[in-house]
Amino acid sequence: MFLEPQPLTTDNAIGNGRVAIAFEYDGRDFHGWQFQKSGVRSVEGELAKAVAKVANHPVDLVCAGRTDAGVHASHQIVHFETSSIRNRRSWVMGINTALPSDIAVHWAGNGAADFHARFSATYRRYRYVIYNHAVRPGILRGQVSWNFRPLDEHKMHQAAQALVGEHDFSAFRAAGCQSRSPIRFLERISVSRKAEFVVIDVQANAFLHHMVRNIAGALMAVGTGEQSANWIADILATRDRKKAGVTGPAQGLYLVDVGYPAECGIPEADCGPAFLRPWFTPEENRPIEPTHIHRKQRQDV
């Protein structure tokens, strides 16, 4: 979960201000991060209830990045304000006791005075996992995407490099995206094969709604030979979502890292998800230092 061990100590006072927590969740049975209408499960709804029990008052959670229905996170960050004071073990173990089994908190700590889970973040990193086999997955159902056609990961990787840098990503933006600007800086993207799994690993300063899933869908079209490697660059230039093909299924997508300046005090992630981590080298799982720092502005949607 973390590059360095984070002991659940009892000799520290956390609270009486802004508290940050790091956690993971299995998104299969959630309708995304955000609060939904009564009776519909959301990650925010379940987590807010559990935190409130430990804090002994209602809380408003602010997350690093909202995820859609079915999308997972191995390293998500939120903050909240509280007048309560607990030690790290009490926050973590207490919240987990009140949580359902598909969410787990791993760390809690005081955020710096101006720390903000969303606006202080310098990058987000996702991994999109495709099970590339003629037969659909059983055990991993809901945890990976599936494509029964053989995928050429080398061709996918080559095509994906056209996306690196600062671009207008309108062609990979959901119709309902509420961001004021389609401009994003994509730090890096790689496509690699691990036996029967193809993994898309992508990092940017921020992402548009459905951006990673739309990129994954387009790259799969390249990987199967339906489209040429140059097609990704071509559709990026059109800025037309209708040109980019289908959206990749939600269940293959994992938020694996959110980066912050060192002074924020948020522990660095050993990028997952857990079942994927051993397939990569320790260096490949380490956070990638961004070259383009552009924090989201508070007036952004």
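Here the structure is shown first, and the text comes after it.
No experiment lies behind these values; they were computed from the predicted model shown.

(A) Spotlight on the packing of aromatic side chains. Using the criterion set out here, one finds 10 aromatic pairs in the structure. On the numbers, 6.0 Å between centres and 50° between planes, the contact of Trp 146 with Phe 148 is tilted. Connected via pairs of aromatic rings, a cluster forms that spans Tyr 131, Phe 197, Tyr 254, Phe 275 and Trp 279. In this arrangement the basic side chain of Arg 127 is found over the ring face of Phe 280, its NZ or CZ atom lying 4.3 Å from the centre. Directly above the ring of Phe 280 sits Lys 194, whose terminal nitrogen or CZ lies 4.3 Å from the centroid.

(B) View of the pattern of salt bridges. This model, assessed by the stated rule, comprises 13 salt bridges. Close ionic contact of Arg 149 with Glu 226 constitutes a salt bridge, the shortest N to O distance being 2.9 Å. Pair noted here: Arg 149 is in the loop between β6 (145–147) and α3 (153–160) and Glu 226 is in the loop between α4 (211–223) and α5 (231–238), with a separation of 77 residues, a long-range link. Under the relative-accessibility criterion, Arg 149 is labelled partly exposed at 39%. Each member of the salt-bridge network shares a partner with another, and the members are Arg 41, Glu 46, Lys 49 and Asp 102.

(C) The packing of α3 against α4, seen in detail. One way to put it is that α3 packs onto α4 with a least axis distance of 8 Å and a crossing angle of 130°. Taken together, the axis directions place α3 and α4 in an arrangement best described as oblique. The way α3 lies across α4 gives a crossing that is right-handed. Between α3, through Lys 155, Met 156, Ala 159 and Ala 160, and α4, the contact on the second element is made entirely by Leu 219, Met 220, Val 222 and Gly 223. For the contact of α3 with α4, the residue count by class is 6 nonpolar, 1 polar and 1 charged.

(D) View of the environment of Ser 84. Counting through the fold element by element, Ser 84 comes out in strand β3 (residues 72–86). Look past the residues within four positions of Ser 84 in its chain and what remains in contact with it is Ile 14, Gly 15, Asn 16, Ala 55, His 57 and Trp 91. There is a polar contact of 2.5 Å between the side chain of Ser 84 and the backbone oxygen of Ala 55.

About the thresholds
- Residues numbered from 1 in each chain as written.
- Predicted model: local features only at pLDDT ≥ 70, side-chain atom pairs only at ≥ 80, totals over all residues.
- Heavy atoms only, no water.
- Phe/Tyr/Trp six-rings, centres within 6.5 Å; stacked < 30°, edge-to-face > 60°.
- Lys NZ or Arg CZ within 6 Å of the ring centre and 35° of its normal.
- Salt bridge = Lys/Arg side-chain N within 4 Å of Asp/Glu carboxyl O.
- Helix = DSSP H or I, 4+ residues; strand = E, 2+ residues; numbered from the N terminus.
- Buried < 20%, exposed > 50% of the residue type's maximum accessible area, 1.4 Å probe, protein only.
- Axes fitted to C-alpha atoms, helices over the stretch in contact; angles between N-to-C directions.
- Parallel < 35°, antiparallel > 145°, perpendicular 65-115°, else oblique.
- Left-handed = near helix turned anticlockwise from the far one by under 90°.
- Contact = heavy atoms within 4.5 Å.
- Nonpolar A, V, L, I, M, F, W, Y, C, P; charged D, E, K, R; others polar.
- Polar contact = N/O pair within 3.5 Å; in protein donor to acceptor, adjacent residues only side chain to side chain.

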